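These are the residues of each chain, in order.
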Amino acid sequence: MKTAPLAGIRALELAEIWAGPFCGVLLGDMGAEVIKVEALQRIARGPIRPAPNTPGYPDYDPGERPWNRQSNFNAVNRNKFGITLDLTSEQGVDAFKRLVNISDVVFTNFAFGVMDRLGIGQEALHAIKPDLIALFTPGYGNTGPYKRHRSMGMAIDAMTGHSALRGYPDLDLSHNSLVHHPDAVGGVTAAFAICAALHYRARTGKGQFIDLSQAESFMPHLGEIFLENQMSGKRRERRGNAHPHMSPHGCYRCDGDDAWVSIAVRSRREWERFCDVIGLPQLTKDPRFASLDDRIANRDALDAIISGWTSRRERHDITAQLQAAGIPAAPVLDCGADTYDDPHLQARQYFQIVTHADAGAYPMSGPVWRFLSQADDDARTPNRHEPAPMLGEHNHQLLGDLLGYTPDTLKSLEDANIIGTTPLEGADMGGVRRFAREQATQNQ
Amino acid sequence: MPYLALNGVRVIDATTGIAGPYCGKMLADYGAEVIKLELPTKPDTSRSVGAFPYDIPHPEKSALFLHLNAGKKGITLDPSTDDGKRMFIELARQSDIILESFRPGQMAEWGIGYDALRQHRSDLVMTSITPFGQSGPHKDYQFTELTIFAAGGGMRREGLPEREPLRYGAEIAQYFSGTTAAAATMIATFGVVMSGEGEWIDISMQECMAGHPHQIGRRAPWIYGSEPDLRKPPRLAAAGMREPYAVGTFRCKDGFVSFLPLGSRMWPQLARMIDRPELIDDPRYQSSDDRTDRRTELEAIFQQWFDDHTREQVFAAGQREGLPCAPIMDTDEALANEHFRSRDYFVELAHPDAGSLTYTGMPFRLSDIAADPNTPAPRLGQHNPEIYGSLLNITAPELARLRAKGVV
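Position numbers for residues count from 1 along each chain, tracking the sequence in the order it is written. Chains and ligands are labelled sequentially in the order written, the chains with letters from A and the ligands with numbers from 1. In keeping with the predicted nature of the model, local features appear solely for residues at pLDDT of at least 70, side-chain atom pairs appear and are counted solely at 80 or more, and the whole-chain, interface and lining totals rest on all residues.

**Q** Explain the overall build of chain B residue by residue, including any values.
**A** Elements are defined by DSSP. Helices are runs of H or I of four residues or more, strands are runs of E of two residues or more, and each kind is numbered from the N terminus. Helices and strands together make up the secondary structure of chain B, namely 18 helices and 12 strands. Exposure in this text rests on C-beta crowding, where 20 or more other C-beta atoms within 10 Å of a residue's own make it buried, 12 or fewer make it exposed, and counts in between make it partly exposed. The C-beta atoms are placed from the backbone. In chain B, which comprises 408 residues, the proportion classed as buried is 56%. Think of it this way: build a C-beta for each residue from its backbone, and any pair within 7 Å is a contact. Pairs at least 24 residues apart make up 70% of the contacts formed inside chain B by residues separated by at least 6 positions.

**Q** Residue-level account of the confidence of the model for chain A, with values.
**A** A low pLDDT means the predicted coordinates there should not be read in detail. Within chain A, residue pLDDT values average 93, and 96% of them lie at 70 or more. In the predicted structure, residues 377-382 of chain A sits below a pLDDT of 50 and forms 18 contacts with residues beyond four places in sequence or in another chain. pLDDT expresses how confident the predictor is about each individual residue, on a scale running from 0 to 100.

**Q** Explain the interface of chain B and chain A to me, and be specific about the residues and the numbers.
**A** Of the residues lining the interface, 127 residues belong to chain B; the matching set on chain A comes to 134 residues. Broken down by element, the residue count for the side of chain B that touches chain A peaks at 16 residues, all from helix α7 (residues 172-195) of chain B. Side-chain classes follow a simple rule in which Ala, Val, Leu, Ile, Met, Phe, Trp, Tyr, Cys and Pro form the nonpolar group, Asp, Glu, Lys and Arg form the charged group, and the remainder, Gly included, forms the polar group. Looking at side-chain class alone, the side of chain B that touches chain A contains 71 nonpolar, 34 polar and 22 charged residues. Criterion used throughout: strands pair if DSSP finds at least two bridges between them. As paired elements, strand β6 (residues 208-211) of chain A and strand β12 (residues 365-366) of chain B share two bridges and run antiparallel to each other. Within the sheet, the bridge partner assigned to A:Ile210 lies in β12(B) and is B:Leu366.

**Q** So what's going on with helix α1 (residues 19-29) of chain A? Residues and values would help.
**A** In terms of burial, α1(A) is a largely internal element, 11 of the 11 residues being buried. Count one or two residues on from α1(A) and you reach A:Gly31, which has phi positive near 100 degrees.

**Q** Just give me the short version of the pairing of strand β2 (residues 33-38) of chain B, but keep the residues and values in it.
**A** Residue and element names in this part refer to chain B. Burial analysis of β2 places five of its six residues in the buried class, which makes it a mostly covered element. Inspection of the sheet shows strand β1 (residues 10-14) paired to β2 by four bridges, in the parallel sense. Considered in β2, the bridge of Asp13 is made with Lys36. A crossover counts as right-handed when, viewed with the strands pointing away from the observer, the path leading from the first strand over the helix to the second turns clockwise. As for the winding sense of the linkage, the β-α-β connection from β1 through helix α1 (residues 19-29) to β2 is right-handed.

**Q** Tell me about the sheet that holds strand β8 (residues 255-259) of chain B, residues and numbers included.
**A** Taken together, the three strands give an open sheet; going across it, the order is β7-β8-β9 (chain B), and neighbouring strands pair in antiparallel fashion. Looking along the sheet, the strands with just one partner apiece sit at the ends: β7 (248-252) and β9 (325-327) of chain B. For this sheet the average axis-to-axis angle between neighbouring strands, irrespective of direction, equals 25 degrees. As paired strands, β7(B) and β8(B) are joined by five bridges and run antiparallel to one another. Counterpart to B:Phe250 in the pairing with β8(B) is B:Val257. In this description, a line fitted to the C-alpha atoms serves as the axis of each element, helices being fitted only across the stretch in contact, and the angle between N-to-C directions of two axes falls anywhere from 0 to 180 degrees. Across the sheet, helix α7 (residues 153-160) of chain A lies against β8 and β9 of chain B, angled at about 10 degrees from β9(B), the strand it touches most. Sheet strands touched by helix α14 (residues 311-320) of chain B: β7, β8 and β9 of chain B. Its angle to β9(B), the strand with the most contacts, is close to 160 degrees.

**Q** Got a sec to walk through the packing of α7(A) against helix α8 (residues 181-204) of chain A? Specific residues and values, please.
**A** Residue and element names in this part refer to chain A. The interhelical angle for the contact between α7 and α8, taken along N-to-C directions, is 100 degrees, at an axis separation of 6 Å. One finds that α7 runs roughly perpendicular with respect to α8. Counting all contacts with α7, which are made through Gly153, Ile156 and Asp157, the residues of α8 involved are His181, Pro182 and Asp183. Looking at the contact of α7 with α8 residue by residue, the class counts come to two nonpolar, two polar and two charged. Here the word oblique covers every angle except those under 35 degrees (roughly parallel), over 145 (roughly antiparallel) and from 65 to 115 (roughly perpendicular).

**Q** I'd like a description of the pairing of β6(A), backed by residues and values.
**A** Of the pairings in the sheet, the one linking strand β5 (residues 133-136) of chain A to β6(A) comprises four bridges and is parallel in character. When the sheet's bridge partners are listed, A:Leu135 is paired in β6(A) with A:Ile210.

**Q** Please set out the confidence of the model for chain B residue by residue, giving values where relevant.
**A** Scored by pLDDT, chain B comes out at a mean of 93, with 98% of its residues at no less than 70. Two summary scores accompany this predicted model of the complex, namely pTM at 0.97 and ipTM at 0.97.

**Q** Outline the sheet that holds strand β12 (residues 370-371) of chain A, listing residues and values.
**A** If you walk across this open sheet you meet the seven strands as β12(A)-β6(B)-β5(B)-β4(B)-β1(B)-β2(B)-β3(B), and the pairing is mixed. Looking at the sheet topology across the chains shown, the edges are occupied by β12 of chain A together with β3 (73-76) of chain B. Examined bridge by bridge, β12(A) and strand β6 (residues 199-204) of chain B share two bridges and lie antiparallel to one another. Following the sheet pairing, A:Arg370 is matched in β6(B) by B:Asp202.

**Q** Before we move on, can you summarise α14(B) with the specific residues and values?
**A** Because an α-helix packs 3.6 residues into every turn, residues spaced three or four apart end up facing the same way. Residues and elements named next belong to chain B. Every buried residue of α14 is listed here: Arg311, Val314, Phe315 and Gly318. Looking straight down α14, one finds that the buried residues subtend no more than 100 degrees of arc, so they occupy a single side. For α14, the elements touching its buried residues are β7, β8, α11 (267-273), α13 (295-307) and β9. Positioned one or two residues after α14, Gly322 has a phi angle of 75 degrees, which is positive. By construction, the arc corresponds to the directions joining the helix axis to the C-beta atoms.

What follows is the structure, given as structure tokens:
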């Protein structure tokens with residue numbers, strides 16, 4: 001087996017929630033040494049003292065150290081090392097700068113200006129290591145009137161035009177869910193950007209500052225709609241599950257509890273085969289459904305007929321029958337048991353059981369890609385899938401091994417809460433300083 | 001304005017549709033020489049998908065094709081012919097990356113599978129982008145955006161509980177898979193610089209969506225409690241563990257705004273945003289439980305304020321208080337937005353057939369690398385003489401002979 005492509009690359013992650021941490025996952029999956037830097041003073045690992053019997057913890061039990069058992073954190077932080085550093089302290093920043101000096105990459109999704117305030121802005125980082133690759137990704141980028149705006153995936157979804165395209169066409173947008181998908185796009189784009197910059201550095205010796213606006217990385221995913229709008233002078237109508245050039249096209253109720261199948265018929269030939277499969281070949285001669293235009297005009301009547309057929313059948317069986325006739329169909333899966341039990345994903349060994357010291361064993365999805373030449377059979381990848389780090393888990397190992405800190409030094413850093421494994425009071429409430437400020441205001 | 005980060009990297013983009021071409025586009029955006037290869041008799045399907053100017057179909061004027069292929073060169077080649085196979089292998093020998101989206105096994109049947117190609121170039125990176133990957137019982141399944149979104153695990157929780165599950169708006173799953181493919185391709189290409197060895201990458205769109213950070217985050221409640229993540233009323237779905245009265249999408253004076261305050265600690269900011277600071281200390285709304293119990297009356301108080309304010313006013317007031325919120329805009333409004341304009345994000349490109357249009361810009365910016373003006377999408381076979389002449393030393397008469405035989 002070959003070495004993983006990013007073996008030997010060290011990346012420091014200062015990132016919370018989804019976008020930044022997912023970038024770290026992708027780099028870690030491919031062999032980079034990703035060091036997640038957190039702080040006892042501010043954690044993004046859920047509440048310090050959640051109520052007992054809370055969803056999102058193994059067996060609904062937050063346990064003694066809930067911050068190590070929070071499932072969302074553990075899901076999006078595999079294959080990383082974890083240390084804590086109080087970056088508002090001199091010694092904390094000093095340790096961070098020493099790490100920068102021996103790293104290849106620093107990436108962050110902190111709000112604009114935070115890195116500068118901590119004394120580790122772009123210029124400071126490049127002063128330490130000129131060939132460093134530094135990626136800063138506030139929601140709207142590092143320049144412009146919105147650079148300081150608070151953003152999350154759902155805000156980018158709204159600002160870029162995607163929210164307006166989602167939803168049931170007969171209901172207004174207040175019925176829409178919030179969608180954070182741009183976080184994922186930003187995370188994957190960040191991994192691409194970092195590797196493009198690594199490639200450039202390998203050939204030229206030059207470092208890089210990467211300004212990644214989540215909004216700008218997501219808008220190309222709507223690129224044809226920007227052009228369509230200019231070509232037609234009209235805004236695209238919301239479509240729900242309907243398609244302007246396909247019918248049948250939608251989601252149909254099946255036998256079972258909240259069971260659905262998605263079906264898309266792309267052509268006349270597929271329409272004829274579809275009618276054969278559902279045992280109603282006479283539909284092709286029905287004047288309501290003769291041409292595509294007819295089938296679109298009489299979509300509701302057609303969908304009702306199809307639902308009559310699907311509602312008595314199981315969603316996977318329907319999928320197999322239609323696919324055998326070459327017609328696109330898929331069961332509507334949830335992201336839990338449905339995908340885990342999917343026979344195709346199982347055959348490809350997409351999930352693996354990972355054991356975490358504080359959270360137990362759980363199935364984790366595989367890397368989102370497979371590097372086949374490194375495989376020992378045709379569905380495997382060279383992943384190690386280490387569990388997400390516990391808070392401060394690798395403080396001693398990394399600060400000792402990489403920076404040569406002695407046990408005495410580590411002890412004094414622990415005493416000063418610069419490193420440690422237990423979050424401080426208020427760390428889950430936007431940080432201890434904000435917490436103290438808010439407490440003080442309330443007590444006045 | 002492609003950045004010249006990948007200057008000197010040559011890519012054969014033999015993909016069709018959306019995911020593969022978007023992967024190629026990202027490489028072109030950062031300076032790779034991307035040669036789009038289309039079958040002479042079966043050009044990229046996106047050429048026949050709208051929208052078109054005046055709704056008149058034209059293979060050089062499709063919005064989707066123009067967007068996905070800007071910055072690429074275009075050639076035609078039929079690799080199922082002997083000449084075509086020989087030419088494909090020679091192109092691969094002179095390239096760093098091959099992107100393909102044929103059905104699994106098609107390239108091998110033509111004699112140009114990864115194993116065959118790497119005989120000619122051991123450091124070749126090939127990325128295969130298909131709905132279900134190269135192996136497994138569903139590898140030959142057909143797909144559209146709707147069905148792959150359904151199979152990826154993102155759909156069953158989208159929409160209202162009493163109605164059918166909903167897909168996202170645009171072609172989100174395919175674009176996301178293309179972006180993922182680009183990241184994988186870039187990682188492997190960097191790996192070549194380090195190790196000198198090539199790679200064959202298998203991208204399954206279903207796996208891209210199933211491994212999406214939100215999916216893996218939301219899988220957790222099932223893993224730990226067997227609770228499926230199903231459709232809920234939108235405010236409850238968006239709120240999760242938060243207080244639900246000011247979470248989700250709200251109608252305001254001139255449209256809609258989306259809100260996601262980060263929990264009980266943002267209550268004072270919310271009250272200040274709607275000019276009701278006295279509510280902060282109102283005994284009725286003291287604790288998080290009080291506010292959750294009285295969420296209907298609180299929601300009405302917020303709605304009243306939203307009704308009197310425009311999207312811009314709500315956005316400004318929310319941002320002043322540090323609340324994550326944003327106006328819902330259409331793409332034409334994003335195109336005119338002061339922030340994106342101030343960053344010179346959008347790019348105007350003139351195409352000989354489709355005319356001048358404003359395109360979305362680069363996904364990220366590099367500080368220390370020069371950028372070149374972008375070029376519009378190629379016409380079918382536009383660069384045949386240039387590419388075949390310079391890379392394969394094929395003369396004009398020889399090219400004419402290949403054209404007559406249907407190879408190009």
